[in-house]
Amino acid sequence: MRNSTILLLAALALIAVADDPFLGHKGETGFITVTPQQDELFYWFFPSQADPSKDPLVIWLTGGPGCSSELAIFMENGPFKIDPSTLKLSFNDYSWNKGANLIYVDQPIGTGYSNPVRSDYDQNEDQVALHLYTFIQGWLDKHQSFKGRELFIIGESYAGHYVPAISAYIAKHKTPEINLIGFGIGNGLVNAYYQYPAYATFALDNKLISQSTFQQAKQLFTQCQQDLDNGDKQQAYFDCQSGLSDILGFGTPPFNVYDIRKPCTYPPLCYDTSYIDDFLAQDEIIDALGVKGRDWSECDAQVHAALQDDWFTNLSDDISYLLDNGYTGLIYYGDVDFICNWYGGMDMANNINWSRKAGFNSAAFQQWKSYGEFKQVGPLTFVRVFQSGHLVPMDNPAGALDLLETFLKGWAIPTHQLLSQ
């Protein structure tokens with residue numbers, strides 16, 4: 001009788017998993033209140049597949065600004081992939097929760113499922129950092145066992161603003177239960193002063209534009225830098241965007257700005273993401289995620305517009321503060337991305353004003369397995385990922401996971417021994 005009961009329970013468990021669209025690994029979703037007006041940020045938490053009681057905590061932030069982190073869950077480094085034809089899930093063999101507790105956050109307020117209560121949206125990184133800091137405190141209060149756990153904050157694209165801002169905010173507040181160790185930026189916009197001029201050089205070197213277009217764009221980018229030197233962010237935005245428009249035109253871009261090897265088949269994001277919309281629109285998924293009555297969009301235009309004046313804020317000073325105060329930093333770029341290309345990323349990294357700037361600038365690149373090349377001095381590592389676009393975990397999932405695991409363990413990429421430069 002006892003054996004029959006065990007077999008019956010096992011059979012029922014298998015049936016339950018078979019009926020579960022998340023294959024028994026949904027993780028946890030929820031909301032954390034971050035303003036007095038009761039604005040909330042949505043999160044999706046996936047415990048580590050290895051040792052959730054000891055493995056570090058990683059917070060992932062998608063950019064935009066205003067793009068939902070659910071995009072990363074299903075397109076990049078989350079535990080699942082969606083079959084576009086059936087809308088069924090399968091497991092991602094290169095999920096970033098293989099050895100880390102992973103939280104995806106829809107932020108700033110108004111992004112993804114984080115529907116706004118206030119009529120105003122975040123307009124600068126001070127507001128973004130405050131709300132993320134409040135989120136982390138609230139999440140840790142809800143998950144007491146993670147207080148003091150090693151924490152890494154990693155993000156992509158416009159998260160080149162978010163990640164330094166929230167990391168420096170945490171570092172300066174010295175909250176004991178938030179044990180920040182390091183930060184990571186993938187194909188990030190950090191400092192437009194150096195990154196916008198690189199559009200022209202990158203496009204010319206990759207034969208995307210003519211010499212005459214290069215000269216036109218270069219002049220506008222030089223003027224943009226002068227605007228920034230004069231403290232005129234509005235004029236800088238106009239001149240820099242004009243230079244970018246010289247390269248891309250005013251309609252559909254002539255190439256995929258996220259991966260120059262491919263056509264932009266589905267503008268403006270270039271990739272067909274409609275299957276994610278369809279998957280999340282299903283009633284059973286809405287119920288499972290606890291988001292009934294919530295609007296969701298891939299990228300929110302109002303969040304994006306509210307941060308327009310933030311676009312040309314230089315976040316490299318926050319990075320220098322972090323590096324000089326004992327925090328580790330990883331900066332990586334896929335080398336066939338145009339919109340946040342590795343030329344501009346390298347110029348930005350070389351111009352971070354920290355104590356080891358000279359040594360970092362003179363350091364030579366070294367091979368990183370078959371995935372790319374890197375240079376590293378002390379707490380800062382810069383990685384060029386070969387043949388990857390804007391979404392490195394999508395284009396090179398094995399390399400991206402290896403990069404994350406190496407970063408969490410304390411480097412060094414090719415030998416797993418700390419370099420002494």
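Note that the structure is predicted; figures quoted are calculated from it, not measured.

Asks: Even after reading the chapter, I still don't get the pattern of salt bridges, so can you show me in this structure?
Replies: Any two side chains of opposite charge can pair, so long as their charged atoms come close to each other. Evaluation of the coordinates by the stated rule reveals 11 salt bridges. In this structure, Arg-118 and Asp-39 form a salt bridge, with 3.0 Å as the shortest nitrogen-oxygen distance. Of the two residues, Arg-118 sits in the loop between β6 (101–106) and α3 (125–142) while Asp-39 sits in the loop between β1 (28–33) and β2 (40–46), which places them 79 residues apart along the sequence. Residue classification places Arg-118 among the buried residues on the basis of a relative accessible area of 13%.

Asks: I would appreciate a short explanation of the nonpolar core in the present structure.
Replies: Inside soluble globular proteins, nonpolar side chains tend to come together where they are buried. Counting residues in each nonpolar core, the largest one holds 133 residues, and the members touching the most others are Leu-61, Phe-74, Phe-135, Trp-139, Ile-247 and Phe-338. Discounting chain neighbours no more than four positions away, the residues touching Leu-61 are Ser-69, Val-105, Gln-107, Leu-132, Ile-153, Ile-154, Gly-155, Glu-156, Ala-159, Tyr-162, Val-163 and Ile-166.

Asks: Explain the pairing of β1 here, please?
Replies: Bridging between β1 and β2 involves 6 bridges; their strand directions are antiparallel. Bridge pairing in β2 links Thr-29 to Trp-44. Taking the residues that link successive antiparallel strands as the turn, the β1-β2 hairpin has 6 residues, and the phi of Gln-38 there is positive, at about 75°.

Asks: Whenever I open this one, the state of the cysteines confuses me. Can you help?
Replies: Linking two cysteines covalently via their sulfur atoms produces the bond known as a disulfide. Inspection of every chain in the model, using the stated rule, returns 3 disulfides. The disulfide partner of Cys-67 is Cys-299, and the S-S distance across this bridge is 2.0 Å. Between Cys-67 and Cys-299, the S-S torsion sits near 105°, and that sign places the bridge as right-handed. Residue Cys-67 is found in the loop between β3 (57–61) and α2 (70–75), and its partner Cys-299 is found in the loop between α10 (283–289) and α11 (301–306); the two are separated by 232 residues along the sequence. According to the relative accessible area criterion, Cys-67 is buried, its value standing at 13%. In this model Cys-224 forms its disulfide with Cys-240; the gap between the sulfur atoms is 2.1 Å.

Asks: Just to check I follow, could you spell out the layout of surface pockets for this structure?
Replies: Think of a ball as big as a water molecule: rolled over the atoms, this probe shows where empty space is left. If you add up the space inside the largest pocket, you get close to 1000 Å³. Taken together, 38 residues make up the lining of the largest pocket; nearest its centre are Gly-64, Tyr-258, Leu-269, His-304 and Ile-339. It is helix α8 (residues 233–248) that contributes the most residues to the lining of the largest pocket, 5 residues altogether. Taken together, the residues of the lining of the largest pocket break down into 24 nonpolar, 11 polar and 3 charged.

Asks: Just checking my understanding: could you explain the pairing of strand β7 (residues 150–156) for this structure?
Replies: The side chains of a regular strand alternate between both faces of the sheet. The buried fraction of β7 amounts to 6 of the 7 residues, a majority that puts the element mostly inside the structure. As paired elements, β7 and strand β8 (residues 179–186) share 7 bridges and run parallel to each other. Bridge pairing in β8 links Ile-154 to Gly-184. Once the chain exits β7 it traverses helix α4 (residues 159–173) before rejoining the sheet at β8, and the crossover so formed is right-handed.

Cut-off values and rules
Residues numbered from 1 in each chain as written. Predicted model: local features only at pLDDT ≥ 70, side-chain atom pairs only at ≥ 80, totals over all residues. Heavy atoms only, no water. Salt bridge = Lys/Arg side-chain N within 4 Å of Asp/Glu carboxyl O. Helix = DSSP H or I, 4+ residues; strand = E, 2+ residues; numbered from the N terminus. Buried < 20%, exposed > 50% of the residue type's maximum accessible area, 1.4 Å probe, protein only. Core = buried A, V, L, I, M, F, W, Y, C linked by side-chain atoms within 4.5 Å. Contact = heavy atoms within 4.5 Å. Pairing = 2+ DSSP bridges. Disulfide = S-S within 2.5 Å. 1 Å grid on protein atoms, 1.4 Å probe; cavity = no way out; pocket = protein on both sides within 12 Å on 5 of 7 lines; lining within 4 Å. Points joined across faces, edges and corners; volume = space filled by probe spheres on them. Nonpolar A, V, L, I, M, F, W, Y, C, P; charged D, E, K, R; others polar. Right-handed = clockwise from strand over helix to strand, strands pointing away.

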